[in-house]
Structures are given as structure tokens and as C-alpha cells.
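The primary structure of each chain is shown beneath.
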Amino acid sequence: MKTYKIACIPGDGIGKEVIPAGQEVLQALAAGGSDFRFEFTSFGWGGDWYRAHGKMMPDDGLEAIRGMDAILFGSAGDPHIPDHITLWGLRLKICQGFDQYANVRPTRILPGIDAPLKRCGPRDLDWVIVRENSEGEYAGVGGRAHQGHPIEVATDVSILTRAGVERIMRFAFRLAQSRPRKQLTVVTKSNAQRHGMVMWDEVAVAVSKEFPDVRWDKELVDACTARMVNRPASLDTLVATNLHADILSDLAAALAGSLGIAPTGNIDPERRYPSMFEPIHGSAFDIMGKGLANPVGTFWSCVMLLEHLGEPQAAARLMAAIEEITADPKLHTGDLGGQARTADVTAAVISRLNNR
Ligand code: ATP
């Protein structure tokens, strides 16, 4: 029997509610006749850790999770701690420390979800957005001078390396190739950003030669937002820089019905380090501690985690159970206009898994 070691980092806010729900569901999957089991280790890092220790995670935190098979992450965000500390001190520390350079965000309209695009059938929106996750606009390069004086200056420098662009393009082309439509849209802004994005385009052309069976096109990021709304079926796999994909994927989540549903994976494709899976929503302090959080984003993240571990059958079983419960409006949480609670949705998924 295989044992997968999973690091669970609930973080802040509703992360503390949805991650235990995800663990319950994974446990139920493993118990139901699978040839694997999970060994979970929880880490109480985040805002509370910061209040106690002055940092979001211990200095040797990465060492503690380096040997894990995967990481299940909740959210990091605290109304009393500046956002740049909560983000850079935990989530980005893990993403960068483990060189998880591909951020993958699937988006679909799940059965039963009332999505805002009225002219769009459920099958018209089936995308995977690949976000460059290690450099670009969020490379952390820049600084401030003359702080507090009228001549203060602040810079954020976008860094694109040829090696960094090549590896994310190759990953995106390979992912597109693995999907039925074999279609990739390279999102760019080379009309206005005349250096990094021009190299981005050139690398796309070069890497595309390795994938002659993938149809690909180029789209400016601003035009891409309109295309997502007006012609969703014309898109399949997309690849974009850190900032561009950050914005496009929130739009994608909203178009698919709710932030509470969307999952993401921070992947180290070379598997040198554990990859990290998380719902895309934040800590949602307005509903924390009330048992109202939608756990579906976490469950779908667990599907991605299982696929990454090489358990496609278990992943498909869990996805089917998720789609059965989203199809039932009685099991919709508040973000979807329903009254169900986190525990109701979790119990319903587990009961579907047990009946399969
Ligand atoms: P952060 O600052 O940590 O990014 P946030 O609270 O500003 O988090 P989100 O958590 O991304 O922002 O979500 C915005 C709002 O959407 C929340 O305040 C909450 O009302 C709702 N929401 C988000 N995720 C969920 C969920 N899983 N279940 C129910 N409602 C949610």
C-alpha cells in the first residue's frame, strides 16, 4: 500500500475550515478500496503564527515540508497584517523556495452553477490558464528611495528570463497537447511592453516548433478579457505572465460562477520539490468561523493533487462526486445563492464517494 505524505497548511480565515474538509474527503477516498493511504501533517503557519513569532512561518519551515509528496494550502490573509507580509511571508515563500514555476488554473462551469454568461452553454467554457509563477511582474525586484520625502521613488521591475519563459511555454504547450482540442492561446502585451513581452512572443514561436500538433494563437491581454466574455468557446489552454494571468484567472473564476469553486496548483513540473494545491479564494474574514465557506474549491484542488500524484482514477471519482453535489441546489453554499453549510457539502461528497 502506497503512503502519500501531505503537508496541510490551512493558513488564515476560512482556510481553517476548508482544509480540514479537504482532508476528510481525501481520507474517505483512500478508505474506499484504494491502494493508497494519506499521512497528513498540519502546520499552523499564517497570521496567528505571525502574531506569536513575528513571521508567517519558521525560518526552517521549507525544510519541514520538503520531503512531502504534496502540499494542501488554504489561504493567507489577515485584516491586521499588511497584505505584502502575508503573501510574501508564506505562500510566495513556498512557491519560490520550491521553484513551483507553473501555476495551473482549470475553469469550467460545473453542473447546477448559475454562471453570469447567459449566452454561453456549460461546455463553451472549459479553460486551463497557465500562469508563470516565478518571475515577471512579481519577481520582487525593485525598491524605494527617498522614503517619506516628496521626491520618493518606488519601482517594481518585471524580470523575464529566456530560460524562465522557455520552461513555462514548454509546460503550456505540453498541457495543451494533452487536452482534446490541442489548442493554446499565448497571452501577450508586446505592443506596449517592448522588451520582455517581445522576447516572450519570440520564445513562443520557437517552442511551438516542438509541438506541431498544437494549434496556437497570440492574443493581447486586454483583448483577451473581451474574448473570454464574448467568445469563451474559442479558448482552451492559455499561458500568460504572472500579473496578466493573475487578473485573467479571477475573471475566469467569476465567469464560472464563484470564487468559492475555483482550484489551482502551483507545480514544480520537474518534481524536485512538492507541488502545492489550493483554492483560489482568499481568507474571506467576513464569513470565517461560521461554517459557511464553500469547500468545493478545496475539493477540486484535491482532484488536481491526486492527478499530480499519479492517481487519475481517484481524481476522476472525486470530480464526479463534486459535480453531483454542485448539480443539487440544496447543497449550494451562500456564495452560490444557497443555504448549505461547509459540513453539509463535505458530508454529501463523502456519501457520494462511499456509494461509488
Ligand atoms: P484575501 O484578502 O485573503 O485575498 P478576501 O477576503 O479579500 O481574501 P476572497 O476570500 O478572495 O477575498 O473573497 C472575497 C469574498 O468572496 C469573501 O469576502 C467572501 O464573502 C466570498 N468568498 C470567497 N471564497 C468563498 C468561499 N469559499 N465560500 C463562500 N464565500 C466565499
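Parameters at a glance
- Residues numbered from 1 in each chain as written.
- Predicted model: local features only at pLDDT ≥ 70, side-chain atom pairs only at ≥ 80, totals over all residues.
- Heavy atoms only, no water.
- Helix = DSSP H or I, 4+ residues; strand = E, 2+ residues; numbered from the N terminus.
- Rg over C-alpha atoms; globule rule 2.2 N^0.38 Å.
- Buried < 20%, exposed > 50% of the residue type's maximum accessible area, 1.4 Å probe, protein only.
- Contact = heavy atoms within 4.5 Å.
- Areas by Shrake-Rupley, 256 points an atom, 1.4 Å probe, with all protein chains shown as cover.
- Lys, Arg positive; Asp, Glu negative; His and termini not counted.
- Charge placed at Lys NZ, Arg CZ, Asp CG, Glu CD.
- Expected span 1.5 Å × (residues − 1).
- Arc of directions from axis to C-beta.
- Salt bridge = Lys/Arg side-chain N within 4 Å of Asp/Glu carboxyl O.
- Pairing = 2+ DSSP bridges.
- Axes fitted to C-alpha atoms, helices over the stretch in contact; angles between N-to-C directions.
- Patch = residues over 30% accessible without salt bridge, like charges linked within 9 Å, V, L, I, M, F, W, Y side chains within 5 Å.
- Near = heavy atom within 4 Å.
- Polar contact = N/O pair within 3.5 Å; in protein donor to acceptor, adjacent residues only side chain to side chain.
- Nonpolar A, V, L, I, M, F, W, Y, C, P; charged D, E, K, R; others polar.
- Phe/Tyr/Trp six-rings, centres within 6.5 Å; stacked < 30°, edge-to-face > 60°.
- Lys NZ or Arg CZ within 6 Å of the ring centre and 35° of its normal.

Draft legend 1. Spatial organisation of the overall build of the protein. In terms of helices and strands, the protein carries 11 helices and 12 strands. Taken against the 2.2 N^0.38 rule, which gives 21 Å for 356 residues, the C-alpha radius of gyration of the protein at 20 Å falls within 12% of a compact globule. On the principal axes, the C-alpha backbone points of the protein span a range of 55 × 50 × 40 Å. For the protein, the residues scored as buried account for 53% of the 356 residues in total. Excluding contacts between residues fewer than 6 apart, the proportion of contacts in the protein whose partners are at least 24 apart in sequence is 76%. Entry remark: accessible area of the protein is about 15,400 Å², with carbon and sulfur atoms responsible for 53%. Separation between the mean location of the 38 positive side-chain charges and that of the 43 negative ones in the protein comes to 4 Å.

Draft legend 2. Broad picture of helix 10 (residues 312-326). Here helix 10 spans 21 Å end to end across 15 residues, near enough to the 21 Å set by a 1.5 Å rise per residue. All buried positions along helix 10 are accounted for by Ala-314, Ala-315, Leu-318, Met-319, Ala-321, Ile-322, Ile-325 and Thr-326. Projected onto a plane normal to the axis of helix 10, the buried residues spread over an arc of 160° and lie on a single side. Pointing more than 90 degrees away from the buried face of helix 10 are the exposed residues Pro-312 and Gln-313. Among the structural elements, helix 1 (15-31), strand 2 (36-42), strand 4 (102-108), helix 9 (296-309) and helix 11 (342-354) are those in contact with the buried residues of helix 10.

Draft legend 3. Main features of the environment of Ala-293. As for its position among the elements, Ala-293 is in the loop between strand 12 (275-279) and helix 9. Those residues in contact with Ala-293 that sit more than four places away from it in its chain are Ile-14, Val-18, Ile-287, Thr-333 and Thr-342.

Draft legend 4. Focus on the pattern of salt bridges. Taken as a whole and assessed by the stated rule, the structure comprises 25 salt bridges. The residue Glu-63 makes a salt bridge to Arg-66 at a minimum N-O spacing of 2.8 Å. One end of the pair, Glu-63, and the other, Arg-66, are both in helix 3 (residues 61-66), 3 residues apart, so they sit about a helical turn from each other. By relative accessible area, which is 36% here, Arg-66 ends up partly exposed. Of the charged contacts, one joins Asp-126 and Arg-179 as a salt bridge, the two residues approaching to 3.3 Å between their closest N and O atoms. Of this pair, Asp-126 sits in strand 5 (residues 126-132) while Arg-179 sits in the loop between helix 5 (162-178) and strand 8 (183-188), placing them 53 residues apart in sequence. Residues participating in the shared-partner salt-bridge network are Asp-99, Arg-167, Asp-268, Glu-270 and Arg-272.

Draft legend 5. Structural context of the sheet that holds strand 4. The strand order across the open sheet formed by 10 strands is 2-1-3-12-11-4-5-10-8-9, and the pairing between neighbours is mixed. If you trace the sheet from one side to the other, it starts and ends with strand 2 and strand 9 (215-220), each paired once. For this sheet the average axis-to-axis angle between neighbouring strands, irrespective of direction, equals 25°. Along the sheet face, helix 8 (residues 242-255) touches strand 4, strand 5, strand 8 and strand 10 (237-240) and points at about 155° away from the line of strand 5.

Draft legend 6. Region of interest: a nonpolar patch on the surface. There is a patch of nonpolar side chains on the surface, built from Val-141, Val-157 and Ile-159 and spanning about 180 Å² of accessible area. Along the chain, Val-157 turns up in strand 7 (residues 153-159). When its relative accessible area of 36% is taken as the criterion, Val-157 is described as partly exposed.

Draft legend 7. Structural detail: the site of the ligand. Near the ligand lie 14 residues; those nearest to it are Gly-282, Ser-283, Ala-284, Asp-286 and Asn-294. Here His-281 contributes a side-chain N or O atom positioned 3.4 Å from a nitrogen atom of the ligand. For the ligand, an oxygen atom lies 2.7 Å from a polar atom in the side chain of Ser-283. Protein chains bury 64% of the 600 Å² of accessible surface belonging to the ligand in isolation. Its residues assigned to classes, the shell around the ligand comprises 6 nonpolar, 6 polar and 2 charged.

Draft legend 8. How the structure looks around the packing of aromatic side chains. In total, this model carries 8 aromatic pairs according to the counting rule given. The interplanar angle of 15° and the centroid separation of 5.5 Å between the aromatic rings of Phe-173 and Phe-211 together place this pair among those described as stacked. Placement of Phe-173 in helix 5 and of Phe-211 in the loop between helix 6 (196-208) and strand 9 is noted, with a sequence separation of 38 residues between them. Of the residues examined, Phe-211 reaches a relative accessible area of 6% and is grouped as buried. Each residue in the set Tyr-4, Phe-36, Phe-38 and Phe-40 is aromatic and connected to the rest through ring pairs, giving one cluster. For the cation-ring pair, Arg-167 lies above Tyr-101, with the distance from its terminal atom to the ring centre recorded as 3.9 Å.

Draft legend 9. The arrangement of helix 5 in detail. In this model helix 5 runs 24 Å from its N-terminal to its C-terminal C-alpha over 17 residues, within 8% of the 24 Å that 1.5 Å per residue would give. Along helix 5, the residues classified as buried are Gly-164, Val-165, Ile-168, Met-169, Phe-171, Ala-172, Phe-173 and Ala-176. Contacts from the buried residues of helix 5 go to strand 4, strand 5, strand 8, helix 6, strand 9 and strand 10.

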